[in-house]
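# Structural characterization, general
Residue strings, one per chain:
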Amino acid sequence: MSDAEIDRRMVEALVCPLTQAVLSYDAERQELVSKAAHLAFPIRDGIPIMLISEARKID
């Protein structure tokens with residue numbers, strides 16, 4: 001697995017820390033997206049950063 005790839009099982013186990021909603025994986029942007037919270041959590045070096053303070057707001 002390269003640094004840019006993420007384990008699908010890990011994505012399925014993670015939930016939004018704000019809403020507990022399911023996350024979707026955006027491979028192009030390397031983010032986990034919470035549509036419920038309108039936030040995108042970055043993935044850096046293959047590690048999801050699940051801090052609300054690090055999340056990007058989305059529409």
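Residues numbered from 1 in each chain as written. Predicted model: local features only at pLDDT ≥ 70, side-chain atom pairs only at ≥ 80, totals over all residues. Heavy atoms only, no water.

Attention shifts here to the side chain of Glu 31. Structurally, Glu 31 can be placed in strand S2 (residues 31–34). For Glu 31, a relative accessible area of 8% translates into the label buried. One polar contact links Glu 31 to Arg 56, side chain to side chain, over a distance of 2.8 Å. Leave out the neighbours within four places in its chain, and Glu 31 touches Ser 24, Tyr 25, Asp 26, Ala 40, Phe 41, Pro 42, Ile 43 and Arg 56. (Helix = DSSP H or I, 4+ residues; strand = E, 2+ residues; numbered from the N terminus. Buried < 20%, exposed > 50% of the residue type's maximum accessible area, 1.4 Å probe, protein only. Polar contact = N/O pair within 3.5 Å; in protein donor to acceptor, adjacent residues only side chain to side chain. Contact = heavy atoms within 4.5 Å.)

Here the focus is the pairing of strand S3 (residues 39–44). Most of S3 sits out of view: five of its six residues are buried. Pairing of S2 with S3, which is carried by four bridges, proceeds in the antiparallel orientation. The residue of S3 that forms the bridge with Leu 32 is Phe 41. In textbook terms, the turn of a hairpin is the stretch between consecutive antiparallel strands, and for S2 and S3 this stretch comprises four residues, one of which, His 38, has a positive phi near 60°. Sheet topology places S3 next to strand S5 (residues 56–57); two bridges connect them, and they run antiparallel. (Pairing = 2+ DSSP bridges.)

Residue placement: Gln 30 occurs in the loop between strand S1 (24–26) and S2. Gln 30 gets classed as buried once you look at its relative accessible area, which sits at 18%. C-alpha of Gln 30 to C-alpha of Phe 41: the two residues are 11 residues apart in sequence and 8.6 Å apart in space.

The quantities given are spatial measurements derived from coordinates; they are silent on function.
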